[in-house]
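Working through the structure, step by step
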Amino acid sequence: MWKDYSSGYIKNNRSSGIAVMIAAFISALLLSLLCGLFYNAWKYEVERIQLEEGGWQSRIAGDIDPGDIEAIKNFARVKDAVVNEKAAQGHETVLDLYFDDMDAVLEDTPRIAEIAGISPETAIYNYELLAMYLIRSPQDTAPRLLFPMFLIIMGMASLSLIVIIHNSFAVSMNARIHQFGIFSSIGATPKQIRVCLLQEAAALCAIPVIAGNLLGIGISMVLIQMVNTLLGSSVSGRHQAVFGYHPLVLVLTLLVTVFTIWISAWLPARKLSRLTPLEAIKNTGELMLKRKKKSPVLTFIFGMEGELAGNALKAQRKALRTASLSLIFSFMAFTLMQCFFTLSGISTRETYFEKYQDVWDIMVTVKDTEADSFAETKEIQTLPGVRSAIVYQKAAAETIITEEEISDEMKSFGGFSHASGNDAVQTEAGWSVNAPIMILDDASFQDYCEEIGITPRLDGAVIRNQIRDVTNPDFRHPRYMPYVKGSNTVSILRKSGEEGTGVEIPVLSYTEHVPALREEYATVDYYELVHFIPMSLWKEIKGQIADAGEDSYICVLGNENADLEELNTLQAEINRIVAGAYVTESENRILKKESNDRQVQGMMAIFGGFCVLLAIIGTGSVFSNTLGFVRQRKREFARYMSVGLTPEEIRKMFCIEALVIAGRPIIITIPLAVITVGYLLKASYLEVEIFLAEAPFVPIAVFMLGIVGTVALAYYLGWRNVRKINLAEALRDDTMM
Amino acid sequence: MESLKVSNLCKTYIIEKRQNNVLRNVSLEIKQGEMVAVMGPSGSGKTTLLYTVSGMDDATAGKVDFFGKEMTGLTANEISDMRLEEMGFVFQQMYMLKNLSIYDNIIMPAYQTSGGKTKKGRAAVNERAKILMQKLGISEVADNDINEVSGGQLQRACICRSLINEPKIIFADEPTGALNKQNSIEVMDELNRINLDGTSILLVTHDMKVAARCERVLYIEDGDIREDITLGKWQKDQDMRVRERTLNDWLVKLGW
């Protein structure tokens, strides 16, 4: 049947297969992209584990005789056994084992341990690495989610594609239902019809599947490079991802693609083959123009042509479902994405980059180091190009605030009545609140004292005397007031969660002005009373009242209006000073902003790409509809013309159809976007004017025009084919053929 | 002698929750080599009877014994095979595949049979098709597209297609409905000739002249066969006016 009929049909009716080919191409592209990205994610993880943990698969430790090591090396399926001196503790020998066949790890390692005279239970396995090769031990209880996640995402992608593209196959197949009715009437079995339809689908999809797969590989390669560019310099400890592709991945991708397309084609083919010959033969493939419901809006706006267009659109509803849904979702996703990223950008800029612009240029985290043992403070502070450099450490403590100490302003909004049990605990002595301690190097503390107008001293604390009006949830425009009256000359600090007398420290001043640090105070716990103390005082009281954080920080402010080059130089200088003696991580404000911008742009490019892809599915479906139903539309228009409609009126009807298809996503999306943005603006306490000044009108308009233009083009091409009507020929009953 | 026996055949359509009994306990028998016409007013169930008897549509109830084979309970594939090898169809609208030539349309069903899949079998099919086309006078349009021939030629091509697998019976639904007078006569001449060769024919028609060429005429009304009349075998040189008058009187009596 295939040779006799289908090959000829495909050759003579190429345009009707366009929708199917586009659907197959897009499916193959998406699935190939996903497989390519997942393979590279897997590869990257394997490389990361090998870099961080090592490539060993199992490890045994104990008193291992050199002779035994040789015996282990010669053990079947063992590739190598390497003595790990780094991991060795005391006199124990640590032996890293590498296997030719990784499946043998769990089976052979206990035996090898026995050869070495070590208890098999003490063997250690590189579970993280083994899990990457789907080797799981019952002892490994950690969730290894990469493969399950991959399977779930692939399954969901495949299902979503089936839902989207099976309609293209259904439309293409249903257009020929009458022909299959004829087949059936002359004795073709349902199976033969199904096989014929699937063979046709295979013939149409072969090239798009290959092309989609190749393009998917190419895009995944570009994306990996983009990720390297975006994250390469800004994520510490990250190694460069190198694109790779295994032939098995291609086989897997092809299998998943073929499965997805086969199911998409099989569903309508099965439905069609189950029709009785009579049901099939009576269906002429014509658009069933039934007056089901009026289109009052179109009729009101465009008159009779509007009503006819509305009727035609209702008749084509099933054929246009993929187009409508894809266009609506693509435009909606694109608009909401643009609005969201704009809002997020404004928020990040206001709350992070602009807020801290004059506070830091270089920020260094000195790992596992106490600030009082950091000896390079002076050297950094005297570096050329450094306006200020504060070395500091954080510590947690608690203090008591009595009712009498609370400021009148704070009392006016209820004192501690709004505080949660975690933030302020009422005790017999008063309210126990958190008192975070910021320990500044002595020089910086003295500078700070001068800034707030008090005599610099190194034996007391400056207390941040400010609290937010907690009854006002607007975090962007908070109202502050004094926390305490500020009459106490000493502050009693004690260890968090411990009863005890604590330590009395002199209070040098209560102030609203805080030192220039990249820190936020009282954002989670509104009732914390922050203490700034000098390093000298900390050395005296340390251990008695507070637990210090593990890391120290250096907050450096460069010259005013310093550019990226200057900051890079400064960062390099500071790194040179601290790198040898400490483990550090450093950030550069301008570089971080640029990196943040690049990441946002990258995310927008990826999301935008998916939106464009959806729009391509939608417009592709519109093209296939306008170009694939020429015969039916010719008959439809011939009927209208035979009762007096002019070609001009029919052209208008075509324009209205295009307008409805392209306009529907806009009409649905714009109100939704306005509501969503309004809600987000309210939730983020941003002014409408600020958003409107930066609102993404241009990209949204370009995307919208892209959709409108493409739909208009599809209808224009369709119109060009349809307008050449020979009335007699078009009205002839084509069921004779 | 084998025959097509229909017993208590019912067909009910449910449209928008309303039950429409199109065929009500229809029983009939068509003997091998018999040519039977079904007449009746519009909507009486003539076409439904034809399609249900031939397995083109499912029956709601009843039995169809197709020349010794019980059709009720057969799978869709088995009925398809039966349609391919033992039945021929001629439709008012011809129903030819438009991207195949006249010749390809005719031989296509034969190529689907088990015998038509071998080289030798196909050669036999081609030979048979040529003979049939010659007999029906359409050899010269064999390679034409279906829209390049007249309605009569197309219908004769349809008859060729229905005969290509040498069926036991031809089901014809208004075979002359789309043809002019001359073409109608030609097509009916062919059908009569085929019938004389031994092929049974069950046809549905509104045309008294067509029905008058049949051996027996059934009158169906409200989904049931009300009466039938036997006119006898058609002879080539017979005076058709006598048969037509007899049929007319009978139909008038029935309220036609």
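If you're wondering where the values come from, they're calculated on a predicted model, not measured in any experiment.

Once that is clear, we can look at the sheet that holds strand 4 (residues 124-125) of chain A. Residue and element names in this part refer to chain A. Read from one edge of the open sheet, 4 strands run 2-3-1-4, paired in antiparallel fashion. The open sheet has two free edges, formed respectively by strand 2 (78-83) and strand 4, since each of these has just one partner strand. Strand direction decides the pairing type here: strand 1 (residues 58-62) and strand 3 (residues 93-99), joined by 5 bridges, are antiparallel. Residue A61 lies in a different strand from strand 3, and its bridge partner there is V94.

So, on to the interface of chain A and chain B. In this complex, chain A contributes 24 residues to the contact, which on the side of chain B involves 28 residues. Only helix 1 (2-12), helix 7 (177-185), helix 8 (190-231) and helix 10 (277-282) of chain A provide two or more residues apiece to the side of chain A that touches chain B. In terms of residues, the side of chain A that touches chain B owes the most to one element, helix 1 of chain A, which gives 5 residues. Of the residues assigned to the side of chain A that touches chain B, the class counts are 12 nonpolar, 9 polar and 3 charged.

Next up on the list: unusual backbone geometry. Residues and elements named next belong to chain A. Although it is not a glycine, L134 adopts a positive phi angle of roughly 60 degrees. Judged by local crowding, L134 falls into the exposed class, with 10 C-beta atoms found within 10 Å. Even without glycine at this site, D368 takes up a positive phi of about 50 degrees. Considering the arrangement of structural elements, one finds D368 in the loop between strand 5 (362-366) and helix 14 (377-381). C-beta crowding within 10 Å serves as the criterion here: with 9 such atoms nearby, D368 is assigned to the exposed category.

This paragraph deals with helix 12 (residues 304-315) of chain A. When the terminal C-alpha atoms of helix 12 of chain A are compared, their 17 Å separation across 12 residues agrees well with the 16 Å that a helix rising 1.5 Å per residue should span. Residues of helix 12 of chain A that are buried: E305(A), G306(A), L308(A), A309(A), G310(A), N311(A) and A312(A).

Further remarks concern the UniProt feature "transmembrane region" (unreviewed entry) in chain A. Residue and element names in this part refer to chain A. The UniProt record annotates "transmembrane region" (unreviewed entry) at residues 20-42, 145-166, 201-224, 244-267, 323-343, 603-630, 658-681 and 697-717. Taken end to end, residues 145-166 comprises 95% helix and 0% strand; its first and last C-alpha atoms sit 31 Å apart. Annotated as residues 658-681, this span is 100% helix and 0% strand, and its ends, taken at the C-alpha atoms, are 34 Å apart.

On to the sheet that holds strand 2 (residues 18-31) of chain B. If you trace the 4 strands from one edge of the open sheet to the other, you get 2-1-4-5 (chain B), paired in antiparallel fashion. A single partner strand is all that each edge strand has here, and the edge strands are strand 2 and strand 5 (69-70) of chain B.

Attention shifts here to the packing of helix 5 (residues 151-163) of chain B against helix 6 (residues 181-196) of chain B. Residue and element names in this part refer to chain B. Their axes nearest at 9 Å, the elements helix 5 and helix 6 cross at an angle of 15 degrees. Considering their axes alone, helix 5 and helix 6 lie roughly parallel with respect to each other. In the packing of helix 5 onto helix 6, the handedness of the crossing is right-handed. Counted together, G151, G152, Q155, R156, I159 and L163 of helix 5 and N183, E186, V187, E190, L191 and I194 of helix 6 form the full contact between these two elements. Here the residues of the contact of helix 5 with helix 6 are counted per class, giving 5 nonpolar, 4 polar and 3 charged.

Definitions and limits used
Residues numbered from 1 in each chain as written. Chains lettered and ligands numbered in written order. Predicted model: local features only at pLDDT ≥ 70, side-chain atom pairs only at ≥ 80, totals over all residues. Pairing = 2+ DSSP bridges. Helix = DSSP H or I, 4+ residues; strand = E, 2+ residues; numbered from the N terminus. Contact = placed C-beta atoms within 7 Å. Nonpolar A, V, L, I, M, F, W, Y, C, P; charged D, E, K, R; others polar. Buried ≥ 20, exposed ≤ 12 C-beta atoms within 10 Å, placed from the backbone. Expected span 1.5 Å × (residues − 1). UniProt positions renumbered as here; feature names shortened; annotations may be inferred. Axes fitted to C-alpha atoms, helices over the stretch in contact; angles between N-to-C directions. Parallel < 35°, antiparallel > 145°, perpendicular 65-115°, else oblique. Left-handed = near helix turned anticlockwise from the far one by under 90°.

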